[in-house]
Amino acid sequence: MKLVRASSRRATASAVLAVTAIMAAGCARFDDSASTPFSPEPSFGAAEIEPVDPDAPPTSTSAAPGPPPGPCVDPDPNVIATCLDTTGGLVMLPGGASALIGERRTGRIVQVAQGQQPTEVARVDVDASGDGGLLDLALSPSYAEDGLIYAYITTGSDNRVVRIAAGDTPKPVLTGIPRGQVSNRGAIEFSSPSQMLVLTGDAGNPAAATDPASLSGKLLRVDSLTPSANPPAPAVALSGIGTAGDVCTDQTGSIWVTDRTAVEDRLQRIDQLGTVVSPVWTWPDRPGVAGCAAGPGTVAIALTTGKAVAVLATDENTGAVTAAPSLVAQDRYGQLNGAAISGDGTIWAGTVNKNGDAPGPNDDRVVKIPVPAGGGGFD
């Protein structure tokens, strides 16, 4: 199921992001012909995932047969899973060939892999009214030994982080995060074996995001991961978050945060010393920044209303973003949410088309997005 190291929620040890960007500086634009660092465009018909996840059921070493006829079969070879409910968080499992995906409204946690039927591994009671529900997932840093899954969820009274163990009821890790009619989105990521980062939305109350007494609209550092009815108060690493997008870490020690405000979407960074660089990039057209995955030299961000993955090249020393992002798979799969980097370097993303008015017949889906050849990649 998920991580083999503290910061690998969205990347395995071999999946280091490195993209060579040739882009013009200025405000964010979404014009691949003007800003893409990649050439040629991605080929959406290749890239079988190797190696096989050791936890996955055995499969034949010969060529896989074509999918059987029937519903929920997608002809696109880059579609990993189909006919899910609208998705929440996505996290790669050890080995990088399979993932866990959450269903926001049902509370199901499903394992997905190329050529295999989705398998439910757990289910959490959630309140999915508004934009609440099962919102993100993370694996224990010692997941290979303990099998623990962490989830950011909405209940009838709050947003919270819970720990899920096989055969046991979910146990609270952090409770009392305010919930509202909107902006319940949140995200979790391990920054070290003993510290979890928790990104919370403002629950529709922007004033609470700057209130030191509120857990709303913050990036929190949680050092106590032992389930408790009264956990100690977490430290605040960043305030003023609007609608939470995601939090991800790279292999240089930087922390990246995406969120949506009333005037712009933005990407913020916290360096190794804890200094907030705010923001490093903004989107005045508000494409709905969501899941992120980062590594030295690159940050990849799923866009919901933008219906693409934005790839930003960064300076490995300063973390600065000085050129417009490249868009990958724009308008190919619809609205995207969770994002992770697989073992073969492709981006896996979950769709949220059932949040809208016109989902496709096989929505919602988990898809993989190959990086274009010849322009660097997620190696």
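Residues numbered from 1 in each chain as written. Predicted model: local features only at pLDDT ≥ 70, side-chain atom pairs only at ≥ 80, totals over all residues. Heavy atoms only, no water.

### Examining the sheet that holds strand β25 (residues 366-369)
Okay, so step 1: The antiparallel open sheet is built from four strands, whose spatial order is β2-β25-β24-β23. Where the open sheet ends on each side, the last strands, each with one partner, are β2 (79-81) and β23 (336-341). For this sheet, the mean inter-axis angle between neighbouring strands, taken without regard to orientation, is 30°.
Okay, so step 2: As defined by bridge partners, β2 adjoins β25 across two bridges and the pair is classed as antiparallel. Within β25, the residue paired with V79 across the bridge is V367. (Pairing = 2+ DSSP bridges. Helix = DSSP H or I, 4+ residues; strand = E, 2+ residues; numbered from the N terminus. Axes fitted to C-alpha atoms, helices over the stretch in contact; angles between N-to-C directions.)

### Some thoughts on the packing of aromatic side chains
Okay, so step 1: A complete count under the given rule lists one aromatic pair for this structure.
Okay, so step 2: Note on Y150 and F190: the rings are 5.4 Å apart at their centroids and 75° apart in plane angle, and the pair reads as edge-to-face. Remark: F190 occurs in strand β11 (residues 186-192) and Y150 occurs in strand β8 (residues 149-154); sequence separation between them is 40 residues.
Okay, so step 3: For Y150, a relative accessible area of 4% translates into the label buried. (Phe/Tyr/Trp six-rings, centres within 6.5 Å; stacked < 30°, edge-to-face > 60°. Buried < 20%, exposed > 50% of the residue type's maximum accessible area, 1.4 Å probe, protein only.)

### A closer look at the state of the cysteines
Okay, so step 1: Taken as a whole and assessed by the stated rule, the structure comprises two disulfides.
Okay, so step 2: Here C72 engages in a disulfide with C83; their sulfurs sit 2.0 Å apart. Taking the sign of the S-S torsion, -100° for the link of C72 and C83, the bridge is left-handed. Of the two residues, C72 is situated in the loop between α1 (32-35) and β2 and C83 in the loop between β2 and β3 (87-92); the sequence distance between them amounts to eleven residues. (Disulfide = S-S within 2.5 Å.)

### Thoughts on the nonpolar core
What tends to happen in soluble globular proteins is that the nonpolar side chains get buried as a cluster.
Okay, so step 1: Residues W256, L267, W281, W283, I301 and L312 are the most contacted members of the largest nonpolar core, which totals 18 residues.
Okay, so step 2: Listing elements by their share of this core, those giving two or more residues are β18 (276-283), β19 (289-295), β20 (298-303) and β21 (308-313).
Okay, so step 3: Every residue in contact with I301, bar those within four places of it in the chain, is listed here: T258, L267, W283, V289, A290, G291, C292, A308, V309, A310 and L312. (Core = buried A, V, L, I, M, F, W, Y, C linked by side-chain atoms within 4.5 Å. Contact = heavy atoms within 4.5 Å.)

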